[in-house]
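One-letter residues, chain by chain:
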Amino acid sequence: MLAGQKVALFFRMLYLFLFILTALWLFFYSFLEIIGIDPSFLELIGLDPVFDPSMFDFTQVLNIIEYLMLLIQGIVGGFAALAFSILAILINAVARVPFIGDMANADYLSVLSTIQELSNPSNNFFPHSTITDPAAFVEDFGNFLGATTILTLMPITFLSGLGFLKDGDTKLAIYSFLGFQIIIIIAIFTEKILISTSIDSSNIFSMLFSPLFFMGFMLYLLLEIAFQTSYTLNILEPMTEREKRIQKHLKRIRTYVPVSEEEKTKTQESGIKSMQSKKFGLLASSYLREMVERRVFKSGEEVIDAKSMMRLQSYLTNLNQTDPLTDQKLAAKTAQPDVSALIKHFIPTMILRVIAVVFLSYIIMSPQGIIDVFMARAFPALRQSLELSQPEFRTIAILNITLIFILISVILHYLSSGRTGKALLRVVQRIDTLVDFERSTKPVQTPGEAGEEEQEEEGAPTDDEEEIS
Amino acid sequence: MLSSRGAFIAIGGILLLSIGLSAKGIGTVTTMVPIIFGGAGLIQQTEGNQTAGYPAGMEFLGIFEILNSSPIVDYGMFLGTILLLASVIGLPFFRLSSNSSLIKVTRTVDREKAFAGEYVHVTVKVENTGKRRMDFLEIYDAIPDMFEIVLGENFIITQLSGKEVKQFSYIIKVSTRGVYKIGPVKVIIHDRLGFYFEEDVRHFYTEILCYPSYEDIRRMEALSKRRQQGKMFGAHRTKQKGMGDDFHSLAKYYPGAPFKSLDWKAFSRTGELMVREFEAEKNIRLIVFLDHSGSMGAGIPYNTKLDFAIRSVMLVMKMAEERQDLAGLITFADRPTSYLPPGGGKSSFFQLLEILALVEPQGRSDPLAAVDYVMQRLPRASFYVFITDLESSDSEIFTEAAKRARARKNNITVISPFGPLFETKLTDLTTTERAIAEAIFEEYLGYRKQVEDRLRGLGVEIINVGPDDILPNVIKTYMQGKKAGKGSV
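Residues numbered from 1 in each chain as written. Chains lettered and ligands numbered in written order. Predicted model: local features only at pLDDT ≥ 70, side-chain atom pairs only at ≥ 80, totals over all residues.

Points about the pairing of strand β18 (residues 336-343) of chain B
All names here are of chain B. Bridge count between strand β17 (residues 326-332) and β18: five bridges; the pairing is antiparallel. Each residue of the ladder has a partner; that of A327, found in β18, is G343. Turn length for the β17-β18 hairpin, with the two strands adjacent in sequence and antiparallel, is three residues. (Pairing = 2+ DSSP bridges. Helix = DSSP H or I, 4+ residues; strand = E, 2+ residues; numbered from the N terminus.)

Section: the confidence of the model for chain B
Residue and element names in this part refer to chain B. Chain-level pLDDT for chain B is 81 on average; 83% of the residues reach the 70-or-more range. Per-residue pLDDT stays below 50 along residues 228-240; that stretch engages in 31 contacts with residues further than four places along the chain or on separate chains. This prediction of the complex comes with two scores: 0.69 for pTM and 0.71 for ipTM. (pLDDT = per-residue confidence, 0-100. Contact = placed C-beta atoms within 7 Å.)

Focus: the nonpolar core
Core analysis: the largest hydrophobic core is formed by 172 residues, its most contacted members being L286(B), V288(B), F289(B), V313(B) and L356(B). At 17 residues, helix α8 (residues 211-254) of chain A tops the list of elements feeding residues into this core. With residues near it in sequence (within four places) discarded, V288(B) still touches V313(B), V316(B), M317(B), L329(B), V385(B) and I387(B). (Core = buried A, V, L, I, M, F, W, Y, C linked by C-beta atoms within 7 Å. Buried ≥ 20, exposed ≤ 12 C-beta atoms within 10 Å, placed from the backbone.)

Overview of the interface of chain B and chain A
Taken residue by residue, the interface counts 60 residues in chain B and 60 residues in chain A. For the side of chain B that touches chain A, the secondary structure elements donating two or more residues are α1 (4-26), α2 (29-38), α4 (71-88), α5 (91-97), β3 (119-128), β5 (147-152), β6 (155-160) and β7 (165-174) of chain B. No other element matches α4(B), which puts 15 residues into the side of chain B that touches chain A. Looking at side-chain class alone, the side of chain B that touches chain A contains 35 nonpolar, 17 polar and eight charged residues. (Nonpolar A, V, L, I, M, F, W, Y, C, P; charged D, E, K, R; others polar.)

Side note on the packing of helix α11 (residues 395-407) of chain B against helix α13 (residues 431-457) of chain B
All names here are of chain B. One can describe the packing of α11 onto α13 by two numbers: an axis separation of 10 Å at closest approach and a directional angle of 15°. Comparing the axis directions of α11 and α13 gives the class roughly parallel. Every pair of crossing elements has a handedness; the one defined by α11 and α13 is right-handed. Mapping the contact onto sequence places S395, F398, T399 and A402 in α11 and Q450, V451, R454 and L455 in α13. Grouping the amino acids of the contact of α11 with α13 by side-chain chemistry returns four nonpolar, three polar and one charged. (Axes fitted to C-alpha atoms, helices over the stretch in contact; angles between N-to-C directions. Parallel < 35°, antiparallel > 145°, perpendicular 65-115°, else oblique. Left-handed = near helix turned anticlockwise from the far one by under 90°.)

Remarks on helix α14 (residues 470-484) of chain B
Residue and element names in this part refer to chain B. Under the 1.5 Å per step criterion, the end-to-end length of α14 is 21 Å for 15 residues, consistent within 8% with the ideal 21 Å. Within the span of α14, buried status applies to I470, V474, T477, Y478, G481 and K482. Around the axis of α14, the buried residues are gathered within 125° of arc, so they sit on the same side. Packing partners of the buried residues in α14 comprise β14 (285-291), α8 (305-322), β19 (383-387), β20 (411-417) and β21 (461-465). G485 occupies a position one or two residues after α14 and carries a positive phi of about 70°. (Expected span 1.5 Å × (residues − 1). Arc of directions from axis to C-beta.)

What to know about the sheet that holds β7(B)
All names here are of chain B. The antiparallel open sheet is built from four strands, whose spatial order is β1-β3-β7-β5. Of all the strands in the sheet, just β1 (103-109) and β5 have a single pairing partner and so form its edges. Going from strand to strand, the sheet's axes swing by 30° on average, the running direction of each strand aside. Taken together, the seven bridges between β1 and β3 define a ladder with antiparallel strand orientation. When the sheet's bridge partners are listed, R107 is paired in β3 with V124.

Points about the sheet that holds strand β10 (residues 197-202) of chain B
Residues and elements named next belong to chain B. With antiparallel pairing, four strands are arranged side by side in an open sheet as β6-β4-β9-β10. Because the sheet does not close on itself, it has two edges, and the strands there are β6 and β10. On average, each strand axis in the sheet is tilted by 20° relative to the strand beside it, whichever way the strands run. Bridge analysis of strand β4 (residues 134-141) against strand β9 (residues 185-190) gives six bridges, and the strand direction is antiparallel. From the neighbouring strand, E138 faces β9, where its bridge partner is I188.

Regarding the environment of E199(B)
All names here are of chain B. Following the sequence through the fold, E199 ends up in strand β10. Here E199 falls in the exposed class, since 12 other C-beta atoms lie within 10 Å of it. A sequence separation of 13 residues divides E199 from K186, and the C-alpha atoms of the two residues are 7.2 Å apart. Ignoring any residue separated from it by four or fewer positions in sequence, one finds E199 in contact with K186 and I188.

Observations concerning unusual backbone geometry
Residues and elements named next belong to chain B. Here the amide bond leading from G183 into P184 is cis, since omega sits at 0°, within 30 degrees of zero. Structurally, P184 can be placed in the loop between β8 (178-182) and β9. Positive phi outside glycine occurs at K163, with the angle close to 65°. If you trace the backbone, K163 turns up in the loop between β6 and β7. K163 gets classed as exposed once you count the C-beta atoms within 10 Å, which come to 10. Of note, the phi angle at L390 is positive, near 55°, even though the residue is not glycine. Along the chain, L390 turns up in the loop between β19 and α11.

This is how it looks when you write it as structure tokens:
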């Protein structure tokens, strides 16, 4: 296994480890509950359930269906009542028309009675019950909807994560992340989450280890590792694959031996003969060639244009004579990323990023500490304000910090693009122009004075200079 | 610039923040749904004097009040903050390290001129002139559609440390004649996580001149080697007497005739002094008029009338060069576009290749201008071979051109690719299409017959050819012309 492949495998394993950990935490209880195993023994080993298992109790499904039927009944009844009133108006209107009204009256009345029958709740068409407890219905319905959504998303999320490990496609990691988020949000909305949902932001560690925050943080970490893994997969695997593939092609071209039509026919004719007789028979040479071909084209590919292949073979030989590094260049071996540098930078970069993100998040979520340190004297009212802990303030803080980062990057880009130098040059040129302008707008001089000035400009010694000399 | 991945993270963050903020305003499902559907929450809140102050009938506005502090608020705010920060925190570092102007890309090719079907090795050198490492760099070297990559790849995905140089290469097969440009080069720099990118397109190009395929000539050479004939000087005799080895006829002795040519047997038979005369081994002066008007470009892509005509010209010129005949070429459309005077040698052949590589179908056809151009520069009688489809011009112009050429005792043969044969195969058509095609054929033939009749009246030979017989016919015309001593030097 090449070094690049090893590194890619390492990152995949890292992702897999974290993924399984998160998935287990989130799903394992629910899974056991669904398959009918009492998960209480897991509590003994310290694994707390995330979702309330009662969420997955589907005994209320029949009630929900009944509720739904009642809803439909209500809707149909409402429409029927509406239709009845409209039709009654129409019948009255038509009945007033001479001759036609008398003719159509009987038919209209039968339609009217049918609609009336439809809108009657006691017509044996709908279940004979009413919603006794709307709040219970809403709760049941919410649980049912939430549980089915979670159960649908669970395999999608899990398979997306595994798909990412297989293909290295970041989209799948994103789908997995989204799945996790939706599951958690549904659980919170339906109030069926069992872990503590309060986030203690009094200090950074208590915040970090608040169960809900920790879960969110784990998911973010998973996404971050997915991106880092994707980077290594994107940069290492294609190049490694490319190198292998091109080396294979090169070998195939170099070892290619054309088989003449005559020999091909002979080989085909003797196909029925035993291998032994082939080895020692007259067709030994063609047999050997065939073996070489089989070895070279073991994937079953056929060389259609033998002439082009031969020409390429000789062309490659010539290229190698002029430049011995041709093979390496073709296989992009010289352009392979440095694996050691990749590992060397991966972990510190990621740790620094995560620390910075968590620290800044903490500052935004709990700005009291920073304000105490830096702004206490300047803004005492701000320090004591209750608004600091409100989401509105946090939103403003996030937007500002985000904009600061963007601003810094814009400035850095401006500086690094060399535009500063150009701008300075433009300013200098403008100053020069102004200076020239001043020179050119000097008062009109007499020819004698002008002559003197010309002399000065040409470097003729002035009176002072003469004196010095 | 933020990539789609970075944008996703940022938007995801904003979305979560929005969820958090909106949840703060609304509350959980269990409190929200009863309010919307049954007004339960509203009643509950009314009891708690939360909706007090709303006018009668507007109590529903109470649902927008802060009803409940849900954990979704904190969760949404936290995760939203983390994602939003994650999407921008690396931006200043990216801007600091990634400056595409610091990437220097150069391209070299092992040859700038190649025959169609040959290979060209392209090497791309990438250098980071800056001091900072670039984590994720993509370089794409664009190649024309006509080229086929046979080995290697025309792009690279790598990382570059400060002052580091990396190289990659690929081999392309040039398939059709013409001038092609390799380039531009696209440089894309990403950050490690793929959140940001910077793109730059370098407009520098390497020109490749692709000569027409040498395959026909190679095949002919192989054939000649095998037969060991057809390449020697004077192998194809003319019917004129001269100093060759083959006997031509007996003639009466004339003073000054060499004694070794006296035929003593004839003298004994007739009693008169007779001398043996031999066939002369003369070379001919051949001028090929290649029409590259717009109509010559018709046909199956890369196998148009012009493509076949060019192959024929190459072949005949190579044969003429080997036989030490004086062969020249003029290409013309609505005016003469290039002229290669009759001559020989390798340099002349390479000039020919360059001319043929650059020929493109364009405009109308004016053979009269081409004939005038040649006759002004070459007053001697020659063997004119026109390769033209006789389509892009009036028949009068052809007639006039033939008249003028014949007036100077030039021999003329017109090899005319017949358009419909190049454009479609009758076997591929349905019955209806075939009937239509045949009708078109007939109309074409009618027009051509008129032109041919006029030209034949002037002593011009016309050969109609299709894609299958154009090459043999051009060679045959040349060989017959040589044998007949047309345009002999």
